[in-house]
Amino acid sequence: MSPTRRLLGALALGALAAAPAAAQQYPTRPISIVVPFAAGGPTDTVSRLVAEVMGRDLGQNVVVENVGGAGGTLGANRVAQARPDGYTLLLHHIGMATTPALYRRLPYDPVNGFEPIGLITEVPMTLIARPDFPANTLAEAVAVMRQRRDQLNYANAGIGAASHLCGLLLMSRIEAAMTTVPFRGTGPAMQEILGGRVDLMCDQTTNTTEQIRARAVKVFAVTTRERVSALPDVPTAAEAGLQGLEVTIWHGLYAPRGTPAPVIQRLSQALQAALRDQRLITRFNELGTAPVAQDQATPAAHRAFWLAEIEKWRPLIQAAGQYAD
Ligand code: MLT
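A short tour of the structure in this document, coming up. From a predicted model like this one, the values you see are computed outputs, not experimental measurements. (Residues numbered from 1 in each chain as written. Predicted model: local features only at pLDDT ≥ 70, side-chain atom pairs only at ≥ 80, totals over all residues. Heavy atoms only, no water.)

### Focus: the overall build of the protein
Counting its secondary structure elements, the protein contains twelve helices and nine strands. Relative to the 2.2 N^0.38 estimate, which gives 20 Å for 325 residues, the radius of gyration of the protein is 20 Å and therefore close to what a compact globule would have. Within the protein, the fraction of its 325 residues that count as buried is 55%. Long-range pairs, those at least 24 residues apart, make up 79% of the contacts in the protein between residues at least 6 apart in sequence. Within the structure as shown, the protein displays about 13,300 Å² of accessible surface, and the carbon and sulfur contribution to it stands at 51%. (Helix = DSSP H or I, 4+ residues; strand = E, 2+ residues; numbered from the N terminus. Rg over C-alpha atoms; globule rule 2.2 N^0.38 Å. Buried < 20%, exposed > 50% of the residue type's maximum accessible area, 1.4 Å probe, protein only. Contact = heavy atoms within 4.5 Å. Areas by Shrake-Rupley, 256 points an atom, 1.4 Å probe, with all protein chains shown as cover.)

And the structure:
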């Protein structure tokens, strides 16, 4: 942590220690949640649902700010550099665990730059295609991908994004590399799939379920071991004949390092309250996901989970020689 940020954190902590009422009064103004991907995508959807309910619990507006680009690192950097006072937060996904290995030169510390507040969801992914893609099953789609790999393109949200990880896994399983087209998030990428200008994408059910149900895109598989209840007719990749295409994407909430502990605790309480909210649970279920158990939405549990995920991904990324910079 830079001396300036350490000083800011110490000042904020000192102020709270000197006046415990300040922690009790927190928050006294709106809170911003930075989403490191474009509006209209899966991280944005989760964030807006959580922000609305947390805002009610905290008695302040919680507003979502989209800072997309560079696989989520631009938005993460914004939060890592923010004043650690509880008014600027980050809602990010599994990229928090892959970035430390994928990026060797970042303007922020991707691990020590943040305080975890809690885990939120685990979201299945789906392999989808433009509505007129010339295949109707995963086996047919794999045959097309192998035969026409040079002509096909695959959308993702940049290196380290969930869509990037799923695409890497897919291409290694079918031994066919397609051209990847990066977007600031899979919200805008979905528009290109819908318009038939991009061929394929692997994306979270929170962004694809409604388009799949409306038959606006083709779907070939879900990337979970079991079928997803919101999409009961969609086979798992294994059922459809492709082993090893298993990816689930978690999301968590973070504050800049140095944010006072009472503020982190208050935010974690508000997050847990949001995850108990029946309307939020119903909406998550409609989108193919669910909130995590309450004991996972705590700072300590999320820190342990997040650090274990970093250690899980590091050797895989290093072995694959995958670096973003
Ligand atoms: C998004 O919100 O756009 C996504 O989470 C992107 C991704 O990681 O694929």
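### Brief notes about helix α5 (residues 95-102)
Among the eight residues that make up α5, eight are buried, leaving the element largely enclosed by the rest of the structure. Every buried residue of α5 is listed here: Gly95, Met96, Ala97, Thr98, Thr99, Pro100, Ala101 and Leu102.

### Description of the site of the ligand
The environment of the ligand is made up of Phe37, Pro42, Thr43, His93, Ala157, Ala161, Ala162, Ser163, Gly185, Thr186 and Gln204. For the ligand, an oxygen atom lies 2.7 Å from a polar atom in the backbone of Ala162. Between the ligand and the protein, one listed contact pairs an oxygen atom with a backbone N or O atom of Thr186 at 2.8 Å. Considering the ligand on its own, with 270 Å² of exposed area, one finds that the protein chains cover 100% of that surface. Of all the secondary-structure elements, those providing two or more residues to the shell around the ligand are α3 (42-58) and α7 (162-174). Residues that form the shell around the ligand fall into these classes: five nonpolar, six polar and no charged. When residues are assigned to domains, the shell around the ligand turns out to be shared by domain 1 (30-123 + 248-320) and domain 2 (124-222), each giving three or more. (Near = heavy atom within 4 Å. Polar contact = N/O pair within 3.5 Å; in protein donor to acceptor, adjacent residues only side chain to side chain. Nonpolar A, V, L, I, M, F, W, Y, C, P; charged D, E, K, R; others polar. Domains from an automatic or database assignment.)

### Things to note about the pattern of salt bridges
Under the counting rule described, the total for this entry stands at 18 salt bridges. The partner of Glu210 in a salt bridge is Arg283, with the nearest N and O atoms 2.7 Å apart. One end of the pair, Glu210, is in helix α9 (residues 205-213); the other, Arg283, is in helix α11 (residues 278-286), with 73 residues separating them in the sequence. Here Glu286 ties to Arg283 by a salt bridge, and the two come within 2.7 Å at their closest N and O atoms. Taken together, the residues Glu286 and Arg283, both in helix α11 and three residues apart, mark about one turn of the helix. A single network of salt bridges, built from pairs that share partners, joins Arg29, Arg83 and Asp85. (Salt bridge = Lys/Arg side-chain N within 4 Å of Asp/Glu carboxyl O.)

### Comments concerning the side chain of Asp199
Among the secondary structure elements, Asp199 is positioned in the loop between α8 (186-194) and β7 (200-204). Asp199 sits in the buried class, given a relative accessible area of 8%. Of note is the side chain of Asp199, whose polar atom sits 2.6 Å from the side chain of Arg130. Side-chain polar atoms of Asp199 contact the backbone nitrogen of Asn153, separated by 2.7 Å. If sequence neighbours within four positions are ignored, Asp199 has contacts with Ile128, Ala129, Arg130, Phe133, Gln151, Leu152, Asn153 and Ile193.

### Overview of the packing of α3 against helix α10 (residues 261-276)
α10 packs onto α3 with a crossing angle of 120 degrees between their chain directions and a minimal axis gap of 8 Å. In terms of axis orientation, α3 runs oblique to α10. The handedness of the crossing between α3 and α10 is right-handed. Here α3 contributes Val50, Val53, Met54, Asp57 and Leu58 to the contact with α10, which in turn contributes Arg266, Leu267, Ala270, Leu271, Ala273 and Ala274. (Axes fitted to C-alpha atoms, helices over the stretch in contact; angles between N-to-C directions. Parallel < 35°, antiparallel > 145°, perpendicular 65-115°, else oblique. Left-handed = near helix turned anticlockwise from the far one by under 90°.)

### Describing the state of the cysteines
Following the criterion strictly, the structure yields one disulfide and no others. Here Cys166 is linked by a disulfide to Cys202, with a sulfur-sulfur distance of 2.0 Å. Across the disulfide from Cys166 to Cys202, rotation about the S-S bond amounts to roughly 55 degrees, and the bridge is consequently right-handed. Of the two residues, Cys166 sits in helix α7 while Cys202 sits in strand β7, which places them 36 residues apart along the sequence. Accessibility assignment for this pair places Cys166 and Cys202 in one class, buried. (Disulfide = S-S within 2.5 Å.)

### Concerning the nonpolar core
Core analysis: the biggest nonpolar cluster contains 84 residues, and Phe114 and Met145 have the highest contact counts within it. With near-sequence residues (within four places) excluded, Phe114 lies in contact with Ala76, Val79, Ala80, Leu90, Met96, Tyr108, Asp109, Tyr254, Ala255, Pro256, Arg257 and Trp306. Counting residues in each nonpolar core, the second largest holds 14 residues, with Ile128, Met190, Val198 and Leu231 among its members. (Core = buried A, V, L, I, M, F, W, Y, C linked by side-chain atoms within 4.5 Å.)

### Section: α8
Residues of α8 that are buried: Thr186, Gly187, Ala189, Met190 and Ile193. Down the axis of α8, the sector holding all buried residues measures 155 degrees, keeping them to one side. In the core, the buried residues of α8 are packed alongside α3, β4 (114-129), β5 (153-156), α7, β7 and α9. Residue Gly196 follows α8 closely and has a positive phi angle near 80 degrees. (Arc of directions from axis to C-beta.)

### Here we look at the packing of α5 against helix α12 (residues 299-320)
Relative orientation of the contacting elements α5 and α12 amounts to 45 degrees, with a least axis distance of 8 Å. Considered as vectors, α5 and α12 are oriented oblique to each other. Crossing hand, α5 versus α12: right-handed. For the pair formed by α5 and α12, the contact residues are Met96, Ala97, Thr98, Pro100, Ala101 and Leu102 on the first element and Trp306, Glu309, Ile310, Trp313, Arg314 and Ile317 on the second. In the contact of α5 with α12, the residues fall into nine nonpolar, one polar and two charged.

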